[in-house]
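# Understanding the architecture of this molecule
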Amino acid sequence: MAEETRGICVRDVPAKAFISAYAEHLKNSDKFELPVWADLVKTSVAKELAPYGDDWYYIRAASIARKVYLRPGVGVGQLRKWYGGNNRRGTRTEHFRKANAGIIRSVLIQLEEMKVTEKSEGGGKQMSRVGQQDLDRIAGRVFEDAEEE
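Here we summarise the structure given alongside this text. (Residues numbered from 1 in each chain as written. Predicted model: local features only at pLDDT ≥ 70, side-chain atom pairs only at ≥ 80, totals over all residues. Heavy atoms only, no water.)

## Here we look at the overall build of the chain
The number of helices and strands found in the chain is five helices and four strands. Along its sequence from the N terminus, the chain presents helices and strands in the succession α-α-α-β-β-α-β-β-α. Principal-axis analysis of the C-alpha atoms gives the chain an extent of 65 × 35 × 30 Å. Computed over 25 positive and 22 negative side-chain charges, the separation of the two mean positions in the chain equals 13 Å. (Helix = DSSP H or I, 4+ residues; strand = E, 2+ residues; numbered from the N terminus. Lys, Arg positive; Asp, Glu negative; His and termini not counted. Charge placed at Lys NZ, Arg CZ, Asp CG, Glu CD.)

Right under this line is the structure:
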């Protein structure tokens, strides 16, 4: 019997491997640009410092693209809640704080300009056909690399 070949999608590969591969793809892309304020901004009110890594913006963008792929109709508010965390206030009790909306919004705008995402009818964002093909192609490459090892 011939082995059936099925398409590999983003759900079939580990999140960490996919996000790092897609971040590298975005970094090498001409259409996705790093904002001038990327080295100055914190990712949340709960954070004390800006991220240390040089590629943090591309990693966050890849993570957001994966979230939109897995949950169509997700908006800035849901993503803020997802990337938020506990604000540790010294001896006082911790409180949850949402993430920075400006970063998420700028990533979504750039992904929409690249035709990776589009506006959903019920609000929020969803993957476009081109974006889904792009992410599936990268997921297939990650799956093949994992199989070879």
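Having seen the structure, we can now continue with the description.
## Digging into the side chain of K67
Looking at the element boundaries, K67 is found in helix α2 (residues 56-70). Despite its burial, K67 remains without a salt bridge, the nearest opposite charge being carried by D136 at 16 Å. If we ignore the near neighbours within four places in the chain, the residues touching K67 are V74, L79, W82 and Y83. (Buried < 20%, exposed > 50% of the residue type's maximum accessible area, 1.4 Å probe, protein only. Salt bridge = Lys/Arg side-chain N within 4 Å of Asp/Glu carboxyl O. Contact = heavy atoms within 4.5 Å.)

## Some details on the pattern of salt bridges
Counted according to the given criterion, the structure contains four salt bridges. Between K27 and D55 there is a salt bridge, and its shortest N-O distance comes to 2.8 Å. Of this pair, K27 sits in helix α1 (residues 15-28) while D55 sits in the loop between α1 and α2; the two residues are 28 residues apart in sequence, bridging distant segments of the chain. Residue D55 is classed as partly exposed on the basis of its relative accessible area of 28%. In this structure, K125 and E112 form a salt bridge, with 2.5 Å as the shortest nitrogen-oxygen distance. Of this pair, K125 sits in strand β4 (residues 125-127) while E112 sits in helix α4 (residues 101-113), and the two are 13 residues apart along the sequence.

## Considering a negative patch on the surface
On the surface, E144, D145, E147, E148 and E149 cluster together into a negatively charged patch. Relative to the helices and strands, E144 is located in helix α5 (residues 129-148). Classification of E144 as partly exposed rests on a relative accessible area of 48%. (Patch = residues over 30% accessible without salt bridge, like charges linked within 9 Å, V, L, I, M, F, W, Y side chains within 5 Å. Areas by Shrake-Rupley, 256 points an atom, 1.4 Å probe, with all protein chains shown as cover.)

## A closer look at α5
Along its 20 residues, α5 runs 29 Å from first to last C-alpha, staying within 8% of the 28 Å computed at 1.5 Å per residue. Residues of α5 that are buried include every one of G131, D134, L135, I138, A139, G140 and V142, and no others. For α5, the elements touching its buried residues are α1, α2 and β4. (Expected span 1.5 Å × (residues − 1).)

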